[in-house]
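One-letter residues, chain by chain:
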Amino acid sequence: MEGPKEACGLFGVWAPGEDVARLTYFGLFALQHRGQESAGIAVSDGEHLLVFKELGLVSQVFDEATLATMQGDLGIGHVRYSTTGSTTWENAQPAFKTDGQRSLALGHNGNLVNTLELAERAGRTGRATTDSDLVATLLAARLDGGLGAACLEVLPTLRGAFSLVMMDERSLFAARDPLGLRPLSIGRLPSGFVVASETCALDIVGASFVRDVEPGELVRIDDRGVHAERYAESPRRALCVFEYVYLARPDSVLRGHTVHEVRRELGRRLAREAPAEADLVVPVPDTGTSAAAGYSEVSGIPYGEGLIKNRYVGRTFIQPSQWLRERGVKLKLNPIPETIRGRRLVVIDDSIVRGTTTRQIVQALREAGAAEVHVRITCPPIRWPCFYGIDMSTRAELVASDLSVEEVRQYVGADSLGYLSLEGMIAATGSPKGELCRACFDGEYPIEIPEHAGKFLLEHPAKS
Ligand code: SF4
């Protein structure tokens, strides 16, 4: 795993009579991979909204005592990785706003590209700390007719990637941007409904999948039932292809395909497109695991676990010392010398962003005795920044932006390096090219880039 940071995870539940805070806690727990900097839950008992959020992992932020105080019929939750704004308590979500009479809470996954324009409309000078807070402010100024009416007014003015879960005192709302860049699914409980960024969070609370929130759709769930309406036309779709490659959990289902199965197919195609003479196929856990199985299946080279992941490293507030940081990758991945000594390895990883992690992995495998290290990547070179919520925001930080494949190979120190083609990656998802965002690979942005991005973000950088 090379290190693009996930954007955010969303969960929402409307289930009167249930322990909605606890359901939200477990939903967030299943979505922890999407954001590890902060976690928050908002609940309402029909009269009052209560929000609790803090920096840290879900299990660090919430305990029994806190959850016990959060009683209500509906709730939303959020786990965050900051792609805009800094990691502070104020920027943790759900965002909470009130006009004195009515209140709202909001969780956002994605990144808006017209924040300057929105900030002006909201009467803010300069940029808001987060675009999510800005949306909440715009909605709070229009609560007279209720949150649903405010959404119908505000959502059409947003440009960029947004999946949203929102609530007022009585209703749960879910919405997706007109391109559907980030996922959002609806599930049914015996006593209500849930919405979640990924279906793995439906599974954990025992909800059955109903359908995805459609791009350009606003869904309201309350004691009047489920009400869906379009706030914008959605002439084309652009689900982030990187959800399949790296972001989503393998047990989640995106557009009818289990992510694990898509990754296995990525590996099969990679074996055909970029074969290697080797003794063992070694995944970089966890995202490389399904693809390595597919690579092994097609190549006939045995699969072996040569790298073990320390699952509980996560983000910690205890920073490692410099001495430890230099050995950073071993905090997360440790090679097994007995498995790899003297062998020629094909190492399967999901992506190369900055290149430093891949370089450390290659070095660690060599130190553990690998005879050869052939790196194979289940997507094409990432050459363009992402403006839609993934932390790859300048070309300068992308190793492949101005280096050839051979130069990247030299940089990471591998004996050979092979990437899957754009066509191969798209075919493995089962979705047509025109229905996926793949801008970080081919530079074709489905929405205009942000006005504040500036030319320097896209121009050819000088690599240090
Ligand atoms: S630019 Fe890449 S990471 Fe960003 S939304 Fe598009 S496909 Fe996903």
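Remember, predicted model here, so these are calculated numbers, not experimental data. (Residues numbered from 1 in each chain as written. Predicted model: local features only at pLDDT ≥ 70, side-chain atom pairs only at ≥ 80, totals over all residues. Heavy atoms only, no water.)

A separate point is the pattern of salt bridges. Within the structure shown, the criterion is met by 25 salt bridges. Connected through shared salt-bridge partners, Arg264, Glu265, Arg268, Arg269 and Glu297 make up one network. (Salt bridge = Lys/Arg side-chain N within 4 Å of Asp/Glu carboxyl O.)

One ladder, built from 6 bridges, connects strand β12 (residues 217–222) with strand β13 (residues 225–230); its direction is antiparallel. Paired with isoleucine 221 across the two strands is valine 226, which belongs to β13. With antiparallel pairing between neighbouring strands as the criterion, β12 and β13 make up a hairpin whose turn holds 2 residues. (Pairing = 2+ DSSP bridges. Helix = DSSP H or I, 4+ residues; strand = E, 2+ residues; numbered from the N terminus.)

For the rest of this paragraph, the subject is the sheet that holds strand β10 (residues 192–196). In a beta sheet, neighbouring strands are held together by backbone hydrogen bonds and run either parallel or antiparallel to one another. Strand order in this open sheet of 7 strands is β3-β2-β4-β1-β10-β9-β11, and the pairing throughout is antiparallel. Looking at strand neighbours, the two that pair on one side only are β3 (49–55) and β11 (208–212), the edges of this open sheet. Between one strand axis and the next, the sheet turns by 15 degrees as a mean value, whatever way the strands run. (Axes fitted to C-alpha atoms, helices over the stretch in contact; angles between N-to-C directions.)

What follows concerns the environment of threonine 69. Note on placement: threonine 69 falls in helix α3 (residues 64–69). Given a relative accessible area of 55%, threonine 69 falls into the exposed group. Measuring from C-alpha to C-alpha, the distance between threonine 69 and leucine 50 comes to 9.4 Å, with 19 residues separating the pair along the chain. (Buried < 20%, exposed > 50% of the residue type's maximum accessible area, 1.4 Å probe, protein only.)

Turning our eyes to something else, we now look at helix α14 (residues 356–367). Under the 1.5 Å per step criterion, the end-to-end length of α14 is 16 Å for 12 residues, consistent within 8% with the ideal 16 Å. For α14, the complete set of buried residues consists of Thr357, Thr358, Ile361, Val362, Ala364 and Leu365. One side of α14 holds all its buried residues, which, seen down the axis, span an arc of 165 degrees. Following α14 by one or two positions, glycine 369 adopts a phi angle in the positive range, close to 105 degrees. (Expected span 1.5 Å × (residues − 1). Arc of directions from axis to C-beta.)

Turning to the pairing of β3, a few remarks are in order. Both strand β2 (residues 38–44) and β3 contribute to a ladder of 7 bridges, which runs antiparallel. Across the sheet, glycine 40 pairs through a bridge with lysine 53, a residue of β3.

We now examine unusual backbone geometry. That bond from glutamine 93 to proline 94 is cis: its omega, 10 degrees, falls within 30 degrees of zero. Looking at where proline 94 falls in the secondary structure, it is placed in the loop between β4 (74–80) and β5 (95–98). The peptide bond linking proline 285 to aspartate 286 adopts the cis configuration, its omega dihedral lying at -5 degrees. Mapped onto the fold, aspartate 286 is located in the loop between β17 (280–283) and α10 (289–299). Positive phi, close to 50 degrees, is recorded for arginine 255, a residue that is not glycine. Among the structural elements, arginine 255 can be located in the loop between β15 (253–254) and β16 (257–258).

Our next topic: a nonpolar patch on the surface. A cluster of nonpolar side chains, namely Phe26, Phe29 and Ile204, defines an oily patch on the protein surface of about 260 Å² accessible area. You can call phenylalanine 26 partly exposed: its relative accessible area is 36%. (Patch = residues over 30% accessible without salt bridge, like charges linked within 9 Å, V, L, I, M, F, W, Y side chains within 5 Å. Areas by Shrake-Rupley, 256 points an atom, 1.4 Å probe, with all protein chains shown as cover.)

What follows covers the packing of aromatic side chains. Tallied over the entire structure, the rule returns 9 aromatic pairs. Note on tyrosine 25 and phenylalanine 26: the rings are 5.2 Å apart at their centroids and 85 degrees apart in plane angle, and the pair reads as edge-to-face. Through a chain of ring-to-ring contacts, the aromatic side chains of Tyr25, Phe26, Phe29, Phe52 and Phe62 assemble into a single cluster. The side chain of lysine 53 reaches across the aromatic face of tryptophan 89, ending 5.0 Å from its centre. Positioned above the aromatic ring of tyrosine 411, the side-chain terminus of arginine 359 is 4.5 Å from the ring centre. (Phe/Tyr/Trp six-rings, centres within 6.5 Å; stacked < 30°, edge-to-face > 60°. Lys NZ or Arg CZ within 6 Å of the ring centre and 35° of its normal.)

Turning to the side chain of serine 171, a few remarks are in order. Tracing the sequence through the fold places serine 171 in the loop between β7 (160–167) and β8 (172–176). For serine 171, a relative accessible area of 4% gives the class buried. Polar contacts involving the side chain of serine 171 include one to the side chain of aspartate 222, which spans 2.7 Å. Leaving out residues up to four positions away in the same chain, serine 171 has contacts with Leu74, Met166, Arg220, Ile221, Asp222 and Arg224. (Polar contact = N/O pair within 3.5 Å; in protein donor to acceptor, adjacent residues only side chain to side chain. Contact = heavy atoms within 4.5 Å.)

The quantities given are spatial measurements derived from coordinates; they are silent on function.
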